Amino acid sequence: MSFTPRLIFVTAPNVEEARKLAQIILEKRLAACVNFVPGLESHYWWQGKLETASEVLMLIKSSAEQFEVLEEIIQLYHSYDCPEIVAVDPREMAPTYRLWWEEQVTGENLS
């Protein structure tokens with residue numbers, strides 16, 4: 001199975017929703033890990049008005065190969081009309097961490 005790591009940023013309105021999303025994502029093996037960064041303060045434009053909100057940032061360790069399915073799951077279960085779903089390519093990482101990440105996402109034992 002091909003593996004191209006992606007770090008995916010998703011914001012949630014609260015930790016309860018972030019936990020629900022993480023549980024679904026991990027049970028479907030769409031990610032190796034989901035971290036939460038609580039206490040995020042977001043300032044943004046929404047429907048022509050400047051808004052401010054407290055949010056939880058989710059850092060999802062997934063892959064390019066899983067991105068479309070992951071996006072569909074987030075769109076389905078997220079309470080926002082337009083949830084932030086941004087994938088970035090982590091160019092460098094410790095080889096042992098990359099191997100663990102790949103094994104968790106692909107289900108293959110590569111060690």
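The structure under discussion appears in the preceding block.
Everything numeric in this text was worked out from a predicted model, so none of it was measured.

Participant: I keep staring at the overall build of the protein and nothing clicks. Help me out?
Facilitator: Assigned secondary structure in the protein consists of three helices and four strands. Sequence-ordered secondary structure for the protein, helices as α and strands as β, is β-α-β-β-α-β-α. In terms of overall dimensions, the protein has a C-alpha envelope of 50 × 25 × 20 Å along the principal axes. Counting all 111 residues of the protein, 38% fall into the buried class. Accessible area for the protein stands at about 6,800 Å²; split by element, carbon and sulfur atoms hold 52% of it. Between the averaged position of the 9 positive side-chain charges in the protein and that of its 17 negative side-chain charges there is a distance of 3 Å.

Participant: What is the right way to look at the pairing of strand E2 (residues 33-46) in this model?
Facilitator: Look at any regular strand and the pattern is simple: side chains alternate between the two faces of the sheet. Of the pairings in the sheet, the one linking E2 to strand E3 (residues 49-63) comprises twelve bridges and is antiparallel in character. If you follow Val 34 over to E3, its bridge partner there is Ile 60.

Participant: Looking at this structure, how should I read the pattern of salt bridges?
Facilitator: Any two side chains of opposite charge can pair, on the condition that their charged atoms come close. Summed over all chains, the structure comprises three salt bridges. Among the ionic pairs, Arg 91 bridges to Asp 89, the shortest N-O distance being 3.8 Å. According to the relative accessible area criterion, Asp 89 is partly exposed, its value standing at 38%. We note a salt bridge from Arg 98 to Glu 102, for which the minimum N-O separation is 3.1 Å. Taken as a pair, Arg 98 and Glu 102 lie in helix H3 (residues 95-106) at a separation of four residues, close to a single helical turn. Arg 98 sits in the partly exposed class, given a relative accessible area of 30%. Among the ionic contacts, a cluster of salt bridges with common partners joins Arg 6, Asp 89 and Arg 91.

Criteria and cut-off values
- Residues numbered from 1 in each chain as written.
- Predicted model: local features only at pLDDT ≥ 70, side-chain atom pairs only at ≥ 80, totals over all residues.
- Heavy atoms only, no water.
- Helix = DSSP H or I, 4+ residues; strand = E, 2+ residues; numbered from the N terminus.
- Buried < 20%, exposed > 50% of the residue type's maximum accessible area, 1.4 Å probe, protein only.
- Areas by Shrake-Rupley, 256 points an atom, 1.4 Å probe, with all protein chains shown as cover.
- Lys, Arg positive; Asp, Glu negative; His and termini not counted.
- Charge placed at Lys NZ, Arg CZ, Asp CG, Glu CD.
- Pairing = 2+ DSSP bridges.
- Salt bridge = Lys/Arg side-chain N within 4 Å of Asp/Glu carboxyl O.

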